[in-house]
Amino acid sequence: MTATDLLAPFQWLNLPESAGGPLDVIFSVAFLRGLDPAEVVRRFSRGEDSGHESDFAELDEEAYEFVMETGGGDGGGYVGVFQAGEWCVAIEPFGWMAGLHEVLTEVSRGCEVVAVTRHGYAEHSFAYAIDGTVVTGYPLRCPYDRYGSDPDRLNGFMRELGMGLDEPEDDAAWDAAGEDNYPTAVPRGFALAAKVTGVAFTSDMLDRPMLVGPIAGR
């Protein structure tokens, strides 16, 4: 199977703003192992809420209203969580909190978290944390710019997805890296998350019942 084949299931997450994808161009998706959905909501809300049963349409509406009320600088304000095998999936429309270092380290205490953020007006990111420590992460467009306690932990998976892991050495190499990384950054991030978790975040997952709750400010 080629890298292109591995990215195909995640192209729906890479749609331009004009295409009107269900998650638009700003969102985070976190995958958490070792917690149930109610505990995931409690962690995002800092213990204030265990979530209410809902669906993606309501989650999206609540997040949109939050953005309209706050001006968008505080993200979407809500998260929707459901179980997928051994992992919970937490969707954050219009938001990026799951990818922030201070949130990721807090939410990952005693568990394992993979977070992928698409931000059409800032930086896309990937981060993998275990028990309060960021093991490895990188800006999605710059797979050679890895950080964390073990930044090379996922290099094997990243190579399988066709990522260039060495920093370009000259102008031509920088140009080639940009042409390769920019259009594929988001699908590669979600494909990498699937490699780590075994959970492929596909569009039909938005049809699942979920627990929805607020995200507490940090």
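For the structure itself, look to the data block above.
Given the structure is predicted, the values throughout are model-derived calculations rather than measurements.

Colleague: Would you take a moment to explain the environment of Gly-178 for this structure?
Modeller: Relative to the helices and strands, Gly-178 is located in helix 6 (residues 171-197). Gly-178 gets classed as partly exposed once you look at its relative accessible area, which sits at 21%. On a C-alpha basis, the gap between Gly-178 and His-52 in space is 43 Å, while along the polypeptide they are 126 residues apart.

Colleague: Would you explain the pairing of strand 3 (residues 78-84) in this entry?
Modeller: Along any regular strand, the residues point their side chains to alternate faces of the sheet. The element strand 3 is largely enclosed, with a buried count of five among its seven residues. Here strand 3 pairs with strand 8 (residues 210-214) via four bridges, running antiparallel. Following the sheet pairing, Gly-80 is matched in strand 8 by Val-212. Examined bridge by bridge, strand 3 and strand 4 (residues 87-93) share five bridges and lie antiparallel to one another. Across the sheet, Gln-83 pairs through a bridge with Cys-88, a residue of strand 4. Where strand 3 folds back on strand 4, the antiparallel hairpin that results is connected by two residues, among which Gly-85 adopts a positive phi of roughly 65°.

Colleague: Explain the pairing of strand 4 here, please?
Modeller: Within strand 4, seven of the seven residues are buried, leaving the element largely enclosed by the surrounding structure. With burial as the criterion, each face of strand 4 is covered, one bearing Trp-87, Val-89, Ile-91 and Pro-93 and the other bearing Cys-88, Ala-90 and Glu-92.

Colleague: Honestly, a negative patch on the surface in this entry has me stumped. Any pointers?
Modeller: A cluster of like negative charges, contributed by Glu-123, Asp-145, Asp-166, Glu-167, Glu-169, Asp-170, Asp-171, Asp-175 and Glu-179, occupies part of the molecular surface. With respect to the helices and strands, the residue Glu-179 is situated in helix 6.

Colleague: Would you mind going over helix 6 with me for this structure?
Modeller: The periodicity of an α-helix, 3.6 residues per turn, causes residues three or four places apart in sequence to face the same way. The sharpest bend along helix 6 measures roughly 65° and falls at Ala-185, with the proline Pro-187 sitting one to four residues further on. Capping the start of helix 6 is the job of one residue whose side-chain oxygen sits 3.3 Å from the backbone nitrogen of Ala-172: Asp-170. Positive phi shows up at Gly-198, right after helix 6, with a value of about 80°.

Colleague: Help me out: how do you make sense of the sheet that holds strand 1 (residues 26-33) in this one?
Modeller: Neighbouring strands of a sheet are bound in pairs by backbone hydrogen bonds; such pairs are parallel or else antiparallel. Strand order in the open sheet made by the eight strands is 2-8-3-4-1-5-6-7, with antiparallel pairing throughout. Only two strands of the sheet have a single partner each, and these edge strands are strand 2 (52-54) and strand 7 (133-139). Each neighbouring strand pair of the sheet contributes to a mean axis angle of 20°, computed without reference to strand direction. In the packing of helix 2 (residues 37-44) onto the sheet, contacts are made with strand 1, strand 3, strand 4 and strand 8, and the angle to strand 3 comes to roughly 155°.

Colleague: Got a minute to help me understand the side chain of Glu-92 in this structure?
Modeller: Secondary-structure assignment places Glu-92 in strand 4. The buried category is assigned to Glu-92, whose relative accessible area is 1%. Polar contacts involving the side chain of Glu-92 include one to the main-chain amide nitrogen of Trp-96, which spans 3.1 Å. For Glu-92, the residues in contact, after removing those within four places along its chain, are Phe-27, Ser-28, Phe-44, Tyr-78, Met-97, Ala-98 and Ile-215.

Colleague: I would appreciate a short explanation of the state of the cysteines in the present structure.
Modeller: What is meant by a disulfide is a covalent connection between two cysteines, made through their sulfur atoms. Throughout the structure, instances matching the rule amount to zero disulfides. For Cys-88, which is in no disulfide, the shortest distance to another cysteine sulfur is to Cys-111 and amounts to 9.4 Å. The class of Cys-88 is buried, set by a relative accessible area of 0%.

Colleague: Would you mind showing me how to read helix 3 (residues 56-70) here?
Modeller: An ideal rise of 1.5 Å per residue puts 21 Å on 15 residues; helix 3 measures up with 21 Å between its terminal C-alpha atoms. As for helix 3, its buried residues are in contact with strand 2, strand 3, strand 4 and strand 8. Phi turns positive one or two residues past the end of helix 3, at Gly-71, with a value near 90°.

Colleague: Just to check I follow, could you spell out the nonpolar core for this structure?
Modeller: Nonpolar side chains in soluble globular proteins tend to be buried together. Ranked by internal contacts, the top residues of the largest apolar core, which has 42 residues, are Leu-13, Phe-31, Val-89, Ile-91, Phe-126, Phe-190 and Phe-201. Ranked by residue count, the leading element in this core is helix 6, at eight residues. Setting aside anything within four residues of it in sequence, one finds Leu-13 in contact with Leu-23, Phe-27, Arg-118, Val-186, Phe-190 and Phe-201. Ranked by size, the runner-up nonpolar core spans 24 residues in total, among them Leu-32, Val-40, Val-79 and Val-103.

Parameters and conventions
Sequence order sets the numbering: in each chain, residues are counted from 1 along the sequence as written. Totals for whole chains, interfaces and linings use all residues, but because this is a predicted model, local features are given only for residues with pLDDT of at least 70 and pairs of side-chain atoms are given and counted only at 80 or more. Side-chain numbers here rest on the full set of heavy atoms in the structure, without hydrogens or water. Helix and strand assignments follow DSSP, with helices taken as H or I runs no shorter than four residues and strands as E runs no shorter than two, numbered in order from the N terminus. We call a residue buried when its accessible area falls under 20% of the maximum for its residue type, exposed when it is over 50%, and partly exposed in between, using a 1.4 Å probe and counting protein chains only. A pair of strands counts as paired when DSSP detects no fewer than two bridges linking them. A patch consists of residues whose relative accessible area exceeds 30% and which take part in no salt bridge; residues with like charges are grouped when within 9 Å of each other, and nonpolar side chains (Val, Leu, Ile, Met, Phe, Trp, Tyr) when within 5 Å. Where accessible areas are quoted, they stem from the Shrake-Rupley method and a 1.4 Å probe; at the residue level, only the protein chains shown are allowed to cover. Counted as salt bridges are all cases of a side-chain nitrogen of Lys or Arg within 4 Å of a carboxyl oxygen of Asp or Glu. In this tally, Asp and Glu contribute negative charge and Lys and Arg positive charge; neither His nor the terminal groups of the chain are included. One atom stands in for each charge, and that atom is NZ of Lys, CZ of Arg, CG of Asp or CD of Glu. Consider a residue and the seven residues that end there alongside the seven that start there; fitting an axis to each set, the bend is the angle between those axes. N or O atoms closer than or at 3.5 Å make up a polar contact, with two conditions inside protein: a donor-capable atom paired with an acceptor-capable one, and, for residues adjacent in sequence, both atoms drawn from side chains. Only C-alpha atoms enter the line fits that serve as axes; for helices the fit covers just the stretch in contact. Angles between N-to-C directions range over 0 to 180 degrees. Here, residues are in contact when the closest pair of their heavy atoms is within 4.5 Å. Defined by distance alone, a disulfide is two cysteine sulfur atoms within 2.5 Å. In a helix, the anticipated span is given by 1.5 Å times the number of residues less one. To define a nonpolar core, start from buried Ala, Val, Leu, Ile, Met, Phe, Trp, Tyr and Cys residues and group those joined through side-chain atoms within 4.5 Å.

In short, geometric facts, not functional conclusions.
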